[in-house]
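# Analysis of the macromolecular model
Take a look at the letters that make up each chain.
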Amino acid sequence: MRYLTAGESHGPQLTAIVEGVPSGLSLTADNINQDLARRQKGYGRGRRMQIEKDTVEITSGVRHGKTLASPIALIIKNDDFKHWTGIMGTEEPVDGNQEIKRKVTKPRPGHADLNGAIKYHHRDMRNVLERSSARETAARVAVGAVAKKILAELDIHVASHVTEIGGVTAEQTNYTSLKELQEKTEQSPVRCFDEVAGAKMMKAIDYAKENGDSIGGIVEVIVEGVPAGLGSYVHYDRKLDAKIAAAIVSINAFKGVEFGIGFDAAHEFGSNVHDEITWSEKQGFSRKSNRAGGFEGGMTTGMPIVVRGVMKPIPTLYKPLESIDIETKELYKASIERSDSCAVPAAAVVAEAVVAWEIASSIVEEFHSDHIEALRADVERCRQQARDF
Ligand code: EPS
């Protein structure tokens, strides 16, 4: 499967084209809208989210609620565009001055502004920031919702939670089931399983906001039900953990990724890192622990996939940092653009989407996948084979 997204943050709409989805999959706009609504929530979001009510229109690839195997086009309108028609319209502006009105010449440290302007020869960095904006993640969540639909058909389930915001860490993370994790985090304004830590995270966000600042954090995605042996050790570009790592770091403002015990492996003995292998007649092979986070040798072990990503604080600050105006070369405080003070809870939903996409893509690539029933049967055959091994 593959997909592309298009769209500027304050342009008319976001568009995604998704190709390679098996035929016969039940898919409605409602399925996708649920995740779009989840992404819009979260303590620390700015005023933009009060303007938008993200809903998707499916304009191809689906007929009477079932996928056709033809490209699926997804459209999300930007409600804010009505305030930006003169500035972000695709036609030549009627009033030339309007275009200049929101011209950006002061690059924000930490954003794509300066590098993007140098690369594409833009003297107005709005041409960069409109596309590098995290608004694009709405399209990726829509695409991820399609992937999740495929996974759900195969009894594979995805959830996420926020484990850290601005130095406040979730201590209590012992969920008994993915369902419990989903239900509890859905009630939390910061998507944190630990209510006490969640309350402290909200205070940390308030503090950052009061100071015109922003804060980042860590999100964790868990995927259960993935068959063993997905991905491959035979070549670098077939390692599924590597693809997932790339997908996580591709989310706006994400700077790092780890699986299972991750970076803690650096200061542990091997005997405390590797997961001992067990076998039973009923289950076949399994592991006593899951420190590897579901991957060995670039392939799934059949244990839950556990992957975390770290998001830096959003670079758009009301208390701006020093920068240089690209026209005058004078020292300035960087441009103030309206922004969120913390988007980590929303980013957890984005992380779910990109991880779901990579897993569904690998499954569709590795199994017979023209029709969803054929895919289901092939995945089931593979699971049985692993149990009998
Ligand atoms: C963003 C800046 C803000 C955020 C935006 C990402 O938008 P605006 O410039 O309109 O205030 O709200 O996020 C979204 C629009 C979204 O849908 O998540 C940025 O600069 O990255």
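Just above, that's the structure.
Predicted model, so just to flag it, every value in this text is computed and none were measured. (Residues numbered from 1 in each chain as written. Predicted model: local features only at pLDDT ≥ 70, side-chain atom pairs only at ≥ 80, totals over all residues. Heavy atoms only, no water.)

### A word on the nonpolar core
Judged by nonpolar contacts, the single largest core of 77 residues is most densely connected at Leu74, Ile359 and Ile363. Counting residues per element, this core draws most heavily on helix α11 (residues 344-366), at 15 residues. Sequence-distant contacts of Ile359, defined by excluding residues within four places in its chain, comprise Leu151, Val223, Val226, Leu230, Ile244 and Ile305. (Core = buried A, V, L, I, M, F, W, Y, C linked by side-chain atoms within 4.5 Å. Buried < 20%, exposed > 50% of the residue type's maximum accessible area, 1.4 Å probe, protein only. Helix = DSSP H or I, 4+ residues; strand = E, 2+ residues; numbered from the N terminus. Contact = heavy atoms within 4.5 Å.)

### A look at α11
With 23 residues, α11 extends 33 Å between its outermost C-alpha atoms, agreeing within 8% with the 33 Å of an ideal straight helix rising 1.5 Å per residue. The element α11 is largely enclosed, with a buried count of 21 among its 23 residues. (Expected span 1.5 Å × (residues − 1).)

### Quick word on the site of the ligand
Looking at the ligand, the residues that line it are His10, Arg39, Arg45, Arg48, Met49, His111, Ser133, Ala134, Arg135, Arg338 and Asp340. A distance of 2.6 Å separates an oxygen atom of the ligand from a polar side-chain atom of His10. Interatomic distance of 2.8 Å between a side-chain N/O atom of Arg135 and an oxygen atom of the ligand. When the residues that make up the shell around the ligand are grouped by side-chain class, the tally is two nonpolar, three polar and six charged. (Near = heavy atom within 4 Å. Polar contact = N/O pair within 3.5 Å; in protein donor to acceptor, adjacent residues only side chain to side chain. Nonpolar A, V, L, I, M, F, W, Y, C, P; charged D, E, K, R; others polar.)

### Considering the packing of helix α1 (residues 29-40) against helix α7 (residues 137-153)
Helix-helix packing is characterised by the crossing angle of the two axes and by the distance between the axes. The N-to-C vectors of α1 and α7 enclose an angle of 135°; their axes lie 9 Å apart at closest approach. Our classification of the angle between α1 and α7 gives oblique. For the pair α1 and α7, the crossing hand works out as right-handed. Seen from α1, the contacting residues are Asn31, Ile32, Asp35, Leu36, Arg38 and Arg39; seen from α7, they are Thr137, Ala138, Val141, Ala142, Ala145, Val146, Lys148 and Lys149. Classifying every residue of the contact of α1 with α7 gives seven nonpolar, two polar and five charged. (Axes fitted to C-alpha atoms, helices over the stretch in contact; angles between N-to-C directions. Parallel < 35°, antiparallel > 145°, perpendicular 65-115°, else oblique. Left-handed = near helix turned anticlockwise from the far one by under 90°.)

### With respect to the packing of aromatic side chains
This model, assessed by the stated rule, comprises four aromatic pairs. Seen from their ring centres, Phe259 and Phe295 are 5.5 Å apart, and the 80° between their planes marks the pair as edge-to-face. In this pair, Phe259 sits in strand β10 (residues 254-259) while Phe295 sits in strand β13 (residues 295-296), placing the two residues 36 residues apart along the sequence. By relative accessible area, which is 7% here, Phe295 ends up buried. (Phe/Tyr/Trp six-rings, centres within 6.5 Å; stacked < 30°, edge-to-face > 60°.)

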